[in-house]
Amino acid sequence: MMKTLTMVSAMLMIVQYIANVTLCNVLQSVRILQSVIIIAVWLNVSMKNLNILNGECVNQCPEGYVLDIGVCQMTCSNGRFLFNKTCVDKCPRSMEYVDEDRCVSECPFQKLYQNTLCVNNCSEQFVRDGRTCKTECSKGRFKYNRICMDTCPDDTLQEHENCVKNCSSDFLLYASKCLETCPPNHFIDRANNACVIRCEGFKYHQMNNVFCLSDCPEKTARLNSTCVTHCPKTQPFLYNKFCFAKCPVSSRFFELKVETGHITYVCVDKCKKYTSSVSNMCVDARSVGKVLFRETCQEQCPDSDPYKVHMPASLHKQPNLTSIMTLTKPINAFVICAKECPSNFVRDNGDCYFECPTIKKNMTFNMTCVHHCPEDYPFVLKDKEKNRNICKNLCEKVRFQNECLDKCPDTSTSIHGGQCVQCGQIGMYEENQHCVNSCKVVQFENRCYNTCLPNAKFALNGTCVQTCPLNASKIDEQQQDLGSLLVCKEKCPTNKFTFGNHCVYSCPQTKSLPLNGICTACHEIGKFDDGSICVDKCRHLHYEFRCVDHCPYKFKIYNKSCVRNCPIVAPLVGTIFDNYTRMNEQGCVRNCKEGEFIEENKCVSWCFRRQFIYNNTCVEKCPAEASFISDKYINYYVTNKECLKHCKDTQYLLNFTCFEKCPQGFYGHKNQCIEKCPEDSPYINHGHTCVEYCQTLRRGMNCLDTCPQGTYEFNNTCVHNCPSSKPYNYKSKCVDICPNFMIKKICYEQCPYGLVGYQRKCLLHCPTEAKYRYKWECFIQCLNNTILNLQKYACFDSCPNGKIKYQQLCYDQCPLQAPYYVKGECVEFCDGYLKGSKCLEHCPHGDVVFEKNCLLKCPREASFLDKNICVSFCPHFYDNNFNCIKECPKNTFPHGKHCTTDCPQYLPFTNVFYNGNRECVERCDTYELATENYECISSYTCSGVIYDDTWCFQTCPSHTYVKRSWGKNLCISLTPVYTMIIILSLIILINIALGVEVCWHYNNPEQWLQGKNASRATHS
């Protein structure tokens, strides 16, 4: 309905417009009517400055109305919300809450937040937590009447996260709380469903709970205010739900009951069958003096069943009696006749007993009760289950004195020869509860251990002692299979160093220098500890004779040392840039940097505790000589107050405070803030200052840069309606003539959508004399460099997607005479760079240039890259990626023109610093060795072998052997050995030759004499 009303109103406006411009008669043709409908649609959708009010178009809705989809209404439609006098479907993020169908940034104080709605009360499924409606309360808060509270009200109870009047059926009351289980040492009072600390009734243990009851349940007994399922041995008699030590006189007889493995004697006033005359116990047999034979009580057992079996009242398992197989239920008689004693009974004076009847004859030998065990069966085995002492000739496990046991009774006793003894008493040592002649590792107080105990933790000659003696004061920690052992030694082994009174494989960081096998601190020889070696001077900082990269907490840098307090010559603590670590550090300085302030001898960027600044110093209040206060903006977030002797030239004074701009209600004039501008400067500039006249625009007494919405600029003033001398509105200015196009006294740069412009008029179609349309304007012919569409009489700047422009026509591809295309147009020559047939001003990111072509990588004939151009060689150097560079980067070295991280031949060794930087050196420093990779390391960290006092190898080279010296493995050359072998070999050969000659002379004396005579004759 609203859209129809909008359409009709727009049609009426267009009809009036056509009549004014005398375009033609509206009703002359159907074509004009169709155009009117198109324009009406455009006006309904596109003309944002026209809205409908009561069937008429207005520029804006009057006061009291809202704009809802182009229509001025009193209220928004259902489901839409008001934002800046406009109805929207969803409020923006800056004003995301909805209060009475209005978008607000926050809800009124008297209302609550429910998701994005402002409500008076939370909905049924929500609870109120502060001013927010939530589905459940925050953690640690409790729900009461759908309100979240920090604590429950006094008249309520706390049950989980809720406040309730009464606890639920499964919960118990305790200290204003409802609990699932009572705290420790409390009882459950089932009558009141509460936890109590004191039980006035009967305690009843069930599962893990203790109940407090007014009376004990069925099948339980009362014992000392406690309900028990069976009576204890000290009070075995049950009477009237109570346990007694003996039955009362009124019910002096008792029956034996066995339930769930427990024996209970129940007191009764009379027995059902027979009563024992000795104990008042109800039995099946008639009297104690008689015996039972085949369910008959008689004086003596017959010859066929001569053995009297005395049955104990507590015997759970019936004996296997051959003469009473016909009995259908257990018998608690005292004596039963049998053909023989049961296998698990003993004999005494011809009768059978479950256990020996008297203490004097409590030993059992061959199932017979005796006073003493025989000599060849001297050991006693106690059978606790049958309460018997059995005589044995040998103990199966161990014996202690004359008793056979499963294990020795005392932890201090051990087993030796199957007997429990004290090892120390027989001159031996205890090891795993056995006595041995010597311990494998150490002994302490005649007992063997794998390592010494804390109260005697040092080992001396296989014995644990509390302290090492003076003649063996060095402590050497030795690793054993089951732990370590601290051994007292006169001196440390050759492969260890002495650190205090301890022997260590490597010296600790505090004393890292080994001198003559003793760990020594660098400061003890007047040097600094660099972590691995002692140096005369640290590379960066030193702290307590240690070289460090950073000073400890609360220490500052001064003169390359770490100090706790700054000296008088540099008393301030400021931030200094450390060139070594490339970081800002705390240091002692003489003066603070520009832009910093002094606060408690520290240089700060802004005053933290003391808000005022005076002479670049933070003070608590301004002094009398600088009583004027001005805001000093430190950064976007921080502002301090600055103490001034007078305000700056650009500031205004009000109550001893300097302002860059006077506060609300005041205006700046002659460096003062006043409440009203004077007559000589009556106008108020947009900077809230009083001026003599407005240099820009004026509205009333206010100077403006631009006119407000709804007003227009006319003669440097803002008016609501343009006068008749300049009746047209052009860009919010009143003009006498529209420069381009006009509709209803409003000037447009171009005609609205659906219309075309020609000779400052907006038309439905281009006229015949200017039938070509270009950008909603009519022309006699298409402009140069535009594309002609003869079918639609339209001119375009570019071709459609997939088409290329050439001589005002569109093609699928460029012709041969103009084979390249740039910006969608075919050209004959490419002045830029070619990527295929596409001409570009520069190659895309990631491409390289070779002979004005864009390529993904350089070709083989020009493999080097110089400023993104492929070249056949680099003029200076190149890196691993074939990029040309003028000089090799840091930590790289030229190999020809190639820069690599490999060290050159004249600097073959690599020194690695703590920060990871590398340096090529001619030779490694003192106390350093070179690895097989030519890397310099500390000589103390060499885990392999040392060769020629220069190298650290994993194995010795050929023609060398390993020699252990001062805890180090040295590679010694075999050349002297080879020389000695050669010399010895020559001596042996000479001796062999002489021996051969002597032997020949001895075996051929005549030839030797002839030869000698011939020699003499020759000489004569």
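Reference entry: report on the structure contained in this document. (Residues numbered from 1 in each chain as written. Predicted model: local features only at pLDDT ≥ 70, side-chain atom pairs only at ≥ 80, totals over all residues. Heavy atoms only, no water.)

## Some points on the state of the cysteines
Put simply, the rule is: In this description, a disulfide is simply a cysteine sulfur pair whose atoms lie within 2.5 Å. A run of DSSP states H or I qualifies as a helix once it reaches four residues; a run of E qualifies as a strand once it reaches two. Both are numbered from the N-terminal end. Only protein chains enter the area calculation, which uses a 1.4 Å probe; residues under 20% of their type maximum are buried, those over 50% are exposed, and those in between are partly exposed.
Applying the stated criterion across every chain yields a total of 53 disulfides. Sulfur-sulfur distance for the disulfide between Cys452 and Cys464 comes to 2.2 Å. Taking the sign of the S-S torsion, -90° for the link of Cys452 and Cys464, the bridge is left-handed. Separated by twelve residues along the polypeptide, Cys452 in the loop between strand S48 (447–449) and strand S49 (458–460) and Cys464 in strand S50 (residues 463–465) bring together distant segments of the chain. Side by side, Cys452 and Cys464 carry an identical accessibility label, which is buried. Paired through a disulfide, Cys622 and Cys643 show a sulfur-sulfur distance of 1.9 Å.

## Brief notes about the pairing of strand S40 (residues 388–392)
The side chains of a regular strand alternate, first on one face of the sheet and then on the other. What counts here: Only strands joined by at least two bridges in the DSSP assignment are considered to pair.
Relative to S40, strand S37 (residues 363–365) is paired through two bridges, and the arrangement is parallel. Bridging across to S40, Thr364 finds its partner in Ile390. Relative to S40, strand S39 (residues 379–383) runs antiparallel, the two sharing five bridges. Paired with Lys382 across the bridge in S40 is Asn389. Between S39 and S40, which follow one another and run antiparallel, lie four residues, and Asn387 among them has a positive phi close to 55°.

## Some words on the side chain of His186
The cut-off we apply is this: Polar contacts here mean pairs of N or O atoms no more than 3.5 Å apart (in protein, one a potential hydrogen donor and the other a potential acceptor; neighbouring residues in sequence count only if both atoms are side-chain atoms). Note on contacts: a residue pair is in contact if any heavy atoms of the two residues lie within 4.5 Å.
Inspection of the secondary structure puts His186 in the loop between strand S18 (177–179) and strand S19 (187–189). There is a polar contact of 2.9 Å between the side chain of His186 and the backbone oxygen of Pro184. Those residues in contact with His186 that lie beyond four places of it in its chain are Tyr174, Val196, Ile197 and Val210.

## Here we look at the pattern of salt bridges
The line we're drawing: Between Lys or Arg on one side and Asp or Glu on the other, a salt bridge is scored when a side-chain nitrogen of the former is within 4 Å of a carboxyl oxygen of the latter.
Inspection of the entire model under this criterion finds 23 salt bridges. As a salt-bridge pair, Arg80 and Asp89 come within 2.6 Å of each other at their nearest N and O atoms. For Arg80, a relative accessible area of 14% translates into the label buried. Assessed through its relative accessible area of 57%, Asp89 is described here as exposed. As a salt-bridge pair, Lys511 and Glu524 come within 3.4 Å of each other at their nearest N and O atoms.

## Quick notes on the packing of aromatic side chains
We count it as follows: Only Phe, Tyr and Trp rings take part, Trp by its six-membered ring, and two of them pair if their centres are within 6.5 Å. Stacked means planes under 30 degrees apart, edge-to-face means over 60, and tilted covers everything else. Think of it as a cone above the ring: NZ of Lys or CZ of Arg counts as a charge over the ring if it is within 6 Å of the ring centre and within 35 degrees of the ring normal.
A full pass over the atoms with the stated rule returns 21 aromatic pairs. Connected via pairs of aromatic rings, a cluster forms that spans Phe909, Tyr934, Tyr947, Trp951 and Phe953. Sitting over the ring of Tyr833, Lys852 keeps its end group 5.0 Å from the ring centre.

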